Amino acid sequence: MNIQLPPSASEFEHNPSSMHELSALLGNIGADVAFLKVLPKNANDKNQIYIASDFGVIFDLFDVTLSERGESTSATKDRSTPGKRIPEAVFNDFAWLRRDRIEVKARRVKAIIYTQYPEARLSGLQTIDGSMPPSLSVNFTKLNPDAKRLLVLARLARGKCVGLVCVGMSAGFEAEIKELPGFERAPACKRLTIEQNRSAELEARLASVVGRQLLGCRLDAFGQTLPFSGTQVCGYTLEHALGIVPNSNKDGDLFGIELKTHTKPKVTLFTPEPDGGVYAKDFTTFMKTYGYLDADGDYRVTGLHRANEVCSKSGLTLQVRECRQDSDGAVCAYPYNPKTPLTPKLDSIDVALIGPKGEVAASWSLERLMNCWGAKHNEVVYLTASKNTNPNVNEHAQGYEHLVTFGEKVMWCRDTTAEKLLNAINSGVIYLDPAPKLHATDPAKNKRRAQWRVNDITKAAHELYHHVEFRQITTMENMIQFRTQPEMQKSAHTQSMLFPDVEVEMDEVNVKI
């Protein structure tokens, strides 16, 4: 087939001869999983590219930010409801890969989610310089109606997406595509897995940290060691032990794997504020209606709020809800049904605190919650930490007040979904532990905090992730026992454990997600 491409097409269109060649290409850019879809004739930038009926296949793989793109105005399309808001998921880091392996950053690639069908479609394909793969243009599909194209969306560390298009595929390559396994959410779309060995690399780095008593400290912006004794001492000490200069990498991971430390089984997962209800409209009214006065005359709202249980302190009930129109057009709230697909109801779910009279005291849209939980957190390592008073008088006087030790047994978690998050809230595994304060006289001292927690992360992890594994990290000292070359022993004992820039963000004693 003679495919008609513009002269500049060769920089974006790829033509691998085999799956091995494609895997090698993706492996070299750091991808560990790729989403493959053979495109139909009408898939182009004008029509938007149909991805799947289940949006979760995108959300599970890539780092996206959910929002609403406005109301539907169509009065002619089947199942389209004028005035119904349309969710969209914008890729936070998307680039198109040229044939010379240069990544060209895209301007605003997004998946538009049409809940009424349901389906997710790819839109906004242009790069920051206004270019795009020509084979995805409407002009190309008109000139080459029978051309076979393969869209590849590759996942890199922290959910980054790199896209490429394969054209002029051989019969052998097409046969290899058909043999690949499909995604559970989208069986017609193929999954290509590329081994990156990141876990082994991270284990090797952690071997120099765990099981050692470390002075409570941190690095400053210039890489100099400073004593530290605040509530974040465990997180900062971990940064120091790994040679991480604060603010050098805001993503909070190593090799795309998130690190999270905790001194107790109870862990704060995230802290998004409500974006609905009385709280969002009038914080003062919310606090005075549902709070209590403390000894200083400040209003506080506290207490454990688990789904479908009235909190005795606030009188509020946490609920996961599905809001739908009834036959009369009125919007009614129904209990969340975990057995039905999420995509068709993506625009109708919220988590709310319901008052004694049925009023919505505070609510979190699904977008607000999902933006705190997604592909960025698909691989997380939880490290236990202990903090003790430093008995060395001289070191203590210099500000090194604590000794921090990280446990050799770590919990390695992989693969989470929006459904797992909602199910964990709905079942009470994740609960809300709010701590807002309305200061009596000074609004500047008001405090807004909504803490979503689990009582025991080692038990809750099985509800939050598909794969949970406890690993015993071989410490550097144990590794040295098996080494016989003196220069290797010397290196292990004398070299400082400083590694490439990575950042671990913390809130109190927990590394923040």
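Residues numbered from 1 in each chain as written. Predicted model: local features only at pLDDT ≥ 70, side-chain atom pairs only at ≥ 80, totals over all residues. Heavy atoms only, no water.

A. Layout of the packing of aromatic side chains. Across all of its chains, the model carries 15 aromatic pairs by this definition. Taking the centre distance of 5.6 Å and the plane angle of 35° together, the rings of Phe-35 and Phe-183 count as tilted. With Phe-35 in strand β2 (residues 33–39) and Phe-183 in the loop between α4 (171–179) and β12 (190–193), this pair connects stretches of sequence that are 148 residues apart. Between Phe-62 and Phe-91, the ring centres sit 5.7 Å apart and the planes meet at 50°, which makes this aromatic pair tilted. Taken as a pair, Phe-62 in the loop between α2 (56–59) and β4 (64–71) and Phe-91 in strand β5 (residues 85–91) lie far apart in primary sequence, 29 residues in all. The exposure classification of Phe-62 matches that of Phe-91, with both residues buried. (Phe/Tyr/Trp six-rings, centres within 6.5 Å; stacked < 30°, edge-to-face > 60°. Helix = DSSP H or I, 4+ residues; strand = E, 2+ residues; numbered from the N terminus. Buried < 20%, exposed > 50% of the residue type's maximum accessible area, 1.4 Å probe, protein only.)

B. Representation of the pattern of salt bridges in the model. Inspection of every chain in the model, using the stated rule, returns 24 salt bridges. With a shortest N-O distance of 3.2 Å, Glu-174 and Lys-148 are connected by a salt bridge. Here Glu-174 is found in helix α4, whereas its partner Lys-148 is found in the loop between α3 (138–143) and β10 (149–155), with 26 residues between them in sequence. For Arg-185, the salt bridge identified is with Glu-419, shortest N-O distance 2.7 Å. Residue Arg-185 is found in the loop between α4 and β12, and its partner Glu-419 is found in helix α11 (residues 418–426); the two are separated by 234 residues along the sequence. A cluster of three or more residues bridged by salt bridges with shared partners is formed by Asp-54, Asp-60, Arg-185 and Glu-419. (Salt bridge = Lys/Arg side-chain N within 4 Å of Asp/Glu carboxyl O.)

C. Broad picture of unusual backbone geometry. A cis amide bond, omega -15°, links Tyr-117 with the succeeding residue Pro-118. The residue Pro-118 is located in the loop between β8 (110–114) and β9 (119–123) in this model. Backbone geometry places Asp-415, a non-glycine residue, at a positive phi of 65°. Checked against the element boundaries, Asp-415 lands in the loop between β27 (409–414) and α11.

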